[in-house]
Amino acid sequence: MTKQNPIVLIGFMGVGKTSVGTFLAKKTKVNFCDTDKMITRMEKATPGEIFATKGEAYFRRQETHILEQALKHPGIISTGGGIVEVKRNISLLRKSQATIVYIYGDLPHIMKRLLRNQRRPLVEKSTTREFYQLWERRDQMYRSIADVVVDSTNKRNNIVAAEVKLGVALLERNELTRKEIEDSSRIMALEKEIEHLRAKKLNLESHLINQRFISVIKRGSKRSR
Ligand SMILES: Nc1ncnc2c1ncn2[C@@H]1O[C@H](COP(=O)(O)OP(=O)(O)OP(=O)(O)O)[C@@H](O)[C@H]1O
Ligand SMILES: O=C(O)C1=C[C@@H](O)[C@@H](O)[C@H](O)C1
Ligand SMILES: [Mg+2]
């Protein structure tokens, strides 16, 4: 990981950009900037509150300004999920020397995290269908500007952070292509999925065995009465 060029984390809201960025910056001892947190500090209000009081357009202007400043310094930059909604942000990112990492997450996993944890403006005002369409549209946009794609599905933040770091290094050294890095990350996500499914299967089987066992004991005890 070159310390001179920033790494920019992009991806859908709730996928873990802030968590992964914080973790990786600490681990690699580089500067960390989170566009949502910077706006929150400047405005003394959360993105949700700014959306409600000053509107989305105002929020997006602040976001562009912060991105522009952040790209001038080395370190890790976590962006808001809507960073790709503004053309100027896309051209800033494309023109910059930064390595852009798309942290991919599939929608069911993202929804689980969002519903468990936080209130975000675009979640509250959308239907499930609209939310899915937003995710699908943005997925294409994130991919169109990403240098590296990491699949975060079913993975802990330390693993995602390690994959970000490795992916950037492998790309810089021309050891793997973007496609190969993405496929390797996807394979690891699928392996995790298989592990989860195996655990679920074992659980169901032991439940079934227990149930059978209990009913056999019950039958046995009735007969012996
Ligand atoms: N790998 C993970 N597994 C499970 N939960 C996670 C993981 N990473 C983050 N979370 C949880 O999901 C929520 C969203 O994470 P985070 O705020 O880092 O997302 P984000 O991508 O920065 O979202 P936004 O685009 O809205 O800023 C948090 O509450 C966090 O604790
Ligand atoms: O997906 C989005 O458009 C947003 C994501 C958050 O990170 C915040 O930047 C804000 O809530 C908007
Ligand atoms: Mg964030």
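Residues numbered from 1 in each chain as written. Chains lettered and ligands numbered in written order. Predicted model: local features only at pLDDT ≥ 70, side-chain atom pairs only at ≥ 80, totals over all residues. Heavy atoms only, no water.

Trainee: Talk me through the site of ligand 1; I want residue IDs and the actual numbers.
Mentor: Near ligand 1, the surroundings consist of 17 residues, among which Gly14, Lys17, Thr18, Ser19 and Arg120 are the closest. Between ligand 1 and the protein, one listed contact pairs an oxygen atom with a side-chain N or O atom of Thr18 at 2.7 Å. Within the complex, 80% of the 640 Å² of free accessible area of ligand 1 lies under protein. Where the shell around ligand 1 is concerned, the elements lending two or more residues are α1 (17-28) and α6 (107-117). Of all the elements, α1 adds the most residues to the shell around ligand 1, at three residues. For the shell around ligand 1, the per-class residue count stands at three nonpolar, eight polar and six charged. (Near = heavy atom within 4 Å. Polar contact = N/O pair within 3.5 Å; in protein donor to acceptor, adjacent residues only side chain to side chain. Areas by Shrake-Rupley, 256 points an atom, 1.4 Å probe, with all protein chains shown as cover. Helix = DSSP H or I, 4+ residues; strand = E, 2+ residues; numbered from the N terminus. Nonpolar A, V, L, I, M, F, W, Y, C, P; charged D, E, K, R; others polar.)

Trainee: Can you tell me about the UniProt feature "binding site: substrate" (unreviewed entry) in the chain, naming the residues and giving the values?
Mentor: When the UniProt feature table is mapped onto this chain numbering, "binding site: substrate" (unreviewed entry) sits at Asp36, Arg60, Gly81 and Arg138. Within the element layout of this structure, Arg60 appears in helix α4 (residues 56-70). Given a relative accessible area of 9%, Arg60 falls into the buried group. Among the structural elements, Gly81 can be located in the loop between β3 (76-78) and α5 (87-95). Excluding residues that lie within four positions of it along the chain, Gly81 makes contacts with Gly11, Phe12, Met13, Lys17, Arg138 and Tyr142. (UniProt positions renumbered as here; feature names shortened; annotations may be inferred. Buried < 20%, exposed > 50% of the residue type's maximum accessible area, 1.4 Å probe, protein only. Contact = heavy atoms within 4.5 Å.)

Trainee: Give a description of the pairing of strand β4 (residues 99-104) that names residues and reports values.
Mentor: Counting buried positions along β4 gives six out of six residues, so the element sits mostly inside the fold. Residue alternation in β4 divides its side chains into two sets, Thr99, Val101 and Ile103 and Ile100, Tyr102 and Tyr104, and both sets are buried. The pairing of strand β1 (residues 7-10) with β4 spans four bridges and is classified as parallel. Residue pairing for β4: Val8 is matched across the bridge by Ile100. Note: β4 against strand β5 (residues 148-151), four bridges, orientation parallel. Within the sheet, the bridge partner assigned to Tyr102 lies in β5 and is Val149. (Pairing = 2+ DSSP bridges.)

Trainee: Talk me through the UniProt feature "binding site: ATP" (unreviewed entry) in the chain; I want residue IDs and the actual numbers.
Mentor: Under the UniProt annotation, "binding site: ATP" (unreviewed entry) lies at Gly14, Val15, Gly16, Lys17, Thr18, Ser19 and Arg120. Note that Lys17 resides in helix α1. Ignoring sequence-local partners within four residues, the contact set of Lys17 consists of Leu9, Ile10, Gly11, Phe12, Ser78, Thr79, Gly80, Gly81 and Ile103. For Arg120, the location among the structural elements is in the loop between α6 and α7 (121-124). Its relative accessible area of 24% is what places Arg120 among the partly exposed residues. Excluding residues that lie within four positions of it along the chain, Arg120 makes contacts with Met13, Gly14 and Leu114.

Trainee: Just give me the short version of the packing of helix α2 (residues 35-43) against helix α3 (residues 47-54), but keep the residues and values in it.
Mentor: Look at α2 against α3: their axes get within 9 Å of each other, and the N-to-C directions meet at 60°. In terms of orientation, α2 and α3 fall into the oblique class. In this structure, α2 uses Asp36, Ile39, Thr40 and Glu43 to contact α3, whose residues at the interface are Pro47, Ile50 and Lys54. Here the contact of α2 with α3 is built from residues that sort into three nonpolar, one polar and three charged. (Axes fitted to C-alpha atoms, helices over the stretch in contact; angles between N-to-C directions. Parallel < 35°, antiparallel > 145°, perpendicular 65-115°, else oblique.)

Trainee: Tell me about unusual backbone geometry, and name the residues and values.
Mentor: Residues other than glycine seldom take positive phi values, yet Lys44 does so here, at roughly 50°. The topology assignment puts Lys44 in the loop between α2 and α3. Accessibility expressed as a relative area gives 74% for Lys44, which makes it exposed. Phi is positive for Asn174, close to 55°, though the residue is something other than glycine. Along the polypeptide, Asn174 turns up in the loop between α9 (157-172) and α10 (178-223).

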